[in-house]
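# Survey of secondary and tertiary structure
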Amino acid sequence: MNKIIEKLQLFLPVNVYVKASEFDEESFEIIEVGTDELIGTYSLNGKGELVGFSLMEDASEGNLSKEQMAPIAQKFVDTFYPKQQEFELSAILDLDNPYMITYEKRDEKYGLFIHSTGFTVSVSTSGQITRFYLADEEYEVRYTDIVVSEEEALEQYVEGLDFELNIQHFDQEIYKNGDNEYHLAYSVIEQVMDIPVDGSDSTSISEGYPLDLTLEKQESPNQNLYEFVGLTTEYTNLGSQVNDGKRVEVWSRQDSITSYTFDVEDTSNHVVKLCYEEMTGNLLQVKNGEEHENNGADIGLEKAKQQAIKLLFKQFPDTHERFKLEIYEYENDEFEEDFEEDFDELESEDAFEHDDYFDKDELFEEEFEEWDEEFVEVEETYTFYVHLYHQGLRVDNHVSVIEVGKYSGKIIHFNLDVPSQNHYADLPTKPVISKIEAKEILKKHVKMELMFIREYDEDGKSVYTLAYVPDFPETIGSVRAIDAVSGKAMYVDVGDAMFIN
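These remarks concern the structure in this document. Worth saying up front: this structure is predicted, and the values here are computed from it rather than measured. (Residues numbered from 1 in each chain as written. Predicted model: local features only at pLDDT ≥ 70, side-chain atom pairs only at ≥ 80, totals over all residues. Heavy atoms only, no water.)

With that settled, consider helix H5 (residues 301–315). The terminal C-alpha atoms of H5 lie 22 Å apart, and with 15 residues this matches the ideal 21 Å at 1.5 Å per residue to within 8%. Of the residues making up H5, those classed as buried are Ala304, Lys305, Gln307, Ala308, Ile309, Leu311, Leu312, Phe313 and Gln315. (Helix = DSSP H or I, 4+ residues; strand = E, 2+ residues; numbered from the N terminus. Expected span 1.5 Å × (residues − 1). Buried < 20%, exposed > 50% of the residue type's maximum accessible area, 1.4 Å probe, protein only.)

Inspection of the secondary structure assignment puts serine 268 in the loop between strand S16 (246–252) and strand S17 (272–277). Serine 268 sits in the buried class, given a relative accessible area of 8%. Here the alpha-carbon distance between serine 268 and asparagine 288, two residues 20 residues apart in the chain, equals 8.0 Å. Here serine 268 is in contact with Ser259, Tyr260, Thr261, Lys273 and Gly289, once residues within four sequence places are set aside. Only 2.9 Å separates the side chain of serine 268 from the side chain of lysine 273, close enough to count as a polar contact. (Contact = heavy atoms within 4.5 Å. Polar contact = N/O pair within 3.5 Å; in protein donor to acceptor, adjacent residues only side chain to side chain.)

Moving on, we get to helix H2 (residues 69–80). Because each turn of an α-helix spans 3.6 residues, side chains separated by three or four positions end up pointing in the same direction. The end-to-end C-alpha separation of H2 is 18 Å, in line with the 16 Å expected for 12 residues at 1.5 Å each. Among the residues of H2, those classed as buried are Met69, Ala70, Ala73, Phe76, Val77, Thr79 and Phe80. Buried residues along H2 sit in contact with helix H1 (2–9), strand S4 (50–55), strand S5 (87–94), strand S6 (99–106), strand S7 (113–123) and strand S8 (129–135).

It is worth spelling out the sheet that holds strand S2 (residues 27–32) at this point. Strands sit in the order S1-S2-S3-S4-S8-S7-S6-S5-S27 across an open sheet of 9 strands; the sheet is antiparallel. This sheet does not close on itself; its edge strands, each paired only once, are strand S1 (16–20) and strand S27 (498–499). Strand direction decides the pairing type here: S7 and S8, joined by 6 bridges, are antiparallel. Of the residues in S8, the one forming a bridge with glycine 118 is alanine 135. Sheet strands in contact with H1 are S1, S2, strand S3 (38–44) and S4, and its direction is about 130° off that of S3. (Pairing = 2+ DSSP bridges. Axes fitted to C-alpha atoms, helices over the stretch in contact; angles between N-to-C directions.)

To continue, consider the side chain of aspartate 107. Within the secondary structure, aspartate 107 sits in the loop between S6 and S7. Engagement of the side chain of aspartate 107 in a polar contact is seen with the backbone nitrogen of tyrosine 110, the distance being 2.7 Å. There is a polar contact of 2.3 Å between the side chain of aspartate 107 and the side chain of tyrosine 143. Beyond its immediate sequence surroundings of up to four residues, aspartate 107 is in contact with Leu112, Ile114, Tyr143 and Phe452.

Next up on the list: the pairing of strand S23 (residues 447–456). Bridge analysis of S23 against strand S24 (residues 462–471) gives 10 bridges, and the strand direction is antiparallel. Looking across to S24, one finds that leucine 450 is bridged to tyrosine 468. With antiparallel pairing between neighbouring strands as the criterion, S23 and S24 make up a hairpin whose turn holds 5 residues, including glycine 460 at a positive phi of roughly 85°.

Attention now goes to the pattern of salt bridges. Applying the stated rule across the entire model yields 19 salt bridges. In this structure, glutamate 86 and lysine 105 form a salt bridge, with 3.7 Å as the shortest nitrogen-oxygen distance. On the criterion of sequence distance, the pair formed by glutamate 86 in the loop between H2 and S5 and lysine 105 in strand S6 is long-range, its members being 19 residues apart. What makes glutamate 86 partly exposed here is its relative accessible area of 45%. (Salt bridge = Lys/Arg side-chain N within 4 Å of Asp/Glu carboxyl O.)

Here the focus is the packing of helix H3 (residues 150–159) against helix H9 (residues 435–445). In contact at an axis separation of 10 Å, H3 and H9 are set at 140° when each is read in the N-to-C sense. The orientation of H3 relative to H9 falls into the category oblique. Once H3 is placed against H9, the crossing between them reads as right-handed. The segment H3 lies against H9, with Leu154, Glu155, Tyr157, Val158 and Glu159 engaging Lys439, Leu442 and Lys443. Split by residue class, the contact of H3 with H9 holds 4 nonpolar, no polar and 4 charged. (Parallel < 35°, antiparallel > 145°, perpendicular 65-115°, else oblique. Left-handed = near helix turned anticlockwise from the far one by under 90°. Nonpolar A, V, L, I, M, F, W, Y, C, P; charged D, E, K, R; others polar.)

Considering all chains together, one arrives at 20 aromatic pairs under this definition. Each ring, one from phenylalanine 76 and one from phenylalanine 132, has its centre 5.3 Å from the other, and the planes form 50°; the classification is tilted. Residue phenylalanine 76 is found in helix H2, and its partner phenylalanine 132 is found in strand S8; the two are separated by 56 residues along the sequence. Each member of the pair, phenylalanine 76 as well as phenylalanine 132, is classed as buried. The aromatic ring of tyrosine 382 is capped on one face by lysine 406, whose charged end is 5.1 Å from the ring centroid. (Phe/Tyr/Trp six-rings, centres within 6.5 Å; stacked < 30°, edge-to-face > 60°. Lys NZ or Arg CZ within 6 Å of the ring centre and 35° of its normal.)

Attention now goes to the nonpolar core. In terms of nonpolar packing, the biggest core is built from 69 residues, with Leu274, Ile402 and Ile482 touching the most fellow members. Among the elements that take part in this core, H5 stands out by supplying 6 residues, more than any other. Beyond its immediate stretch of four places on either side in the chain, isoleucine 482 contacts Phe163, Ala185, Tyr186, Ala438, Ile441, Leu442, Gly487, Lys488 and Ala489. Core analysis: the next-biggest nonpolar cluster, separate from the first, contains 34 residues, Tyr42, Ala73, Val77 and Val121 among them. (Core = buried A, V, L, I, M, F, W, Y, C linked by side-chain atoms within 4.5 Å.)

Another point: unusual backbone geometry. Each neighbour pair has its own omega, and for asparagine 97 with proline 98 the value is 15°, a cis peptide bond. Along the chain, proline 98 turns up in the loop between S5 and S6. Phi at aspartate 244 takes a positive value of approximately 55°, unusual for a residue other than glycine. One can find aspartate 244 in the loop between strand S15 (236–243) and S16. Phi is positive for histidine 270, close to 70°, though the residue is something other than glycine. Positionally, histidine 270 belongs in the loop between S16 and S17.

Two quantities define a packed helix pair, namely the angle between the helix axes and the distance between the axes. The N-to-C vectors of H1 and H2 enclose an angle of 160°; their axes lie 10 Å apart at closest approach. Judged by the angle between their axes, H1 and H2 are roughly antiparallel. The handedness of the crossing between H1 and H2 is right-handed. Taking contact as the criterion, the partners of Ile4, Lys7 and Leu8 in H1 are, on H2, Phe76, Thr79 and Phe80.

Structure (structure tokens):
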């Protein structure tokens, strides 16, 4: 242990000492000398080798380049594994501070890297090692005859592609070759992820978008926006703030509220926050942090849905033309039911002697005793996602969220994501490029690459088999859209990544 911390000290920004973990005999806490502050942890395997290391705080940013990352990571690896030759440098990935450098094992038969085997080292742009991990799990490589050629795999992959015609914002933060304008485009929908070389069935996914509920036209309700949120004369306006054309109001039924913020993204206990657009008066956001016991009569999904739809029609008389609804359903007590089942199984085992018996209430109390005393349980909700449409076409990546209280029927959470129609109102709605042509355009950018893919067998062991996966070598990023007018292939920005063959 002392030798390990002596070596780690070479890569730490402050002088430290080590303390054994109370929870794992092979894990240790790294404590700063002088402040006695926990700054990180590390863990060892049964042979006393370093298998994990992590700093608690993110390292400061610097100006080191991708090319300077590998020598720093290599020095760390050589310090703890000076004679290792099993793992080779396989990739340097830019994660926007830090970089992640991976070392993996090469397969002897094909010379391909077996991913997720070996070392992973994270290095900040200031040169600080922030994390280290050794993947040391048991795995098996299963070889088969290659009966599918690269050309056949490409045809199979392209055949499985589909496209959705929609309106897309080619945001430069998403698309490397974007122009920050809206376009009529085809979204690429992949149905096949990999093509096994032995000709067996491919891994398929369902990547399509959910079927949205078309809304019937109705009159704008007489309720004002405050009524939707449940504000009555019992509430007091604690204050308002205008910033960047948005007005935030904070309301509460309690007179003694002293702790809250005007940040609508944060929930403040016992208050309701509303955010309006100053120019239009539209309600943009709601965040309700009021305490609720979550009992009583459930209003049901249908009433909650009608409340959500009314809110939309209150602000947009053309809601039936502009929006479609997606209903998200889940059981809030799933965790409790799973816990009950797991507990009952444990309780029935012979390991539970009478003297060791404890009840569920005590276990829950111990599990959550460190929760913040100021924690407030808010009302459970029905959730609705609102998809934006224009002349029958979905406006991609603009989804509003409405959460309706299960017992009160109030709008508990609301986030409106509706850009100005000026951005896309004049766009053509009929494509110049057909789906067949779009598929051929994408095909020009794809190359099928041989790679080991990992699955798990019934015992949880990793099993690697050889398959073809799509690669986009010219764009250094996957093509995710085709401009339906110009035919331009749009590819996502994957950062400053380098993969070694």
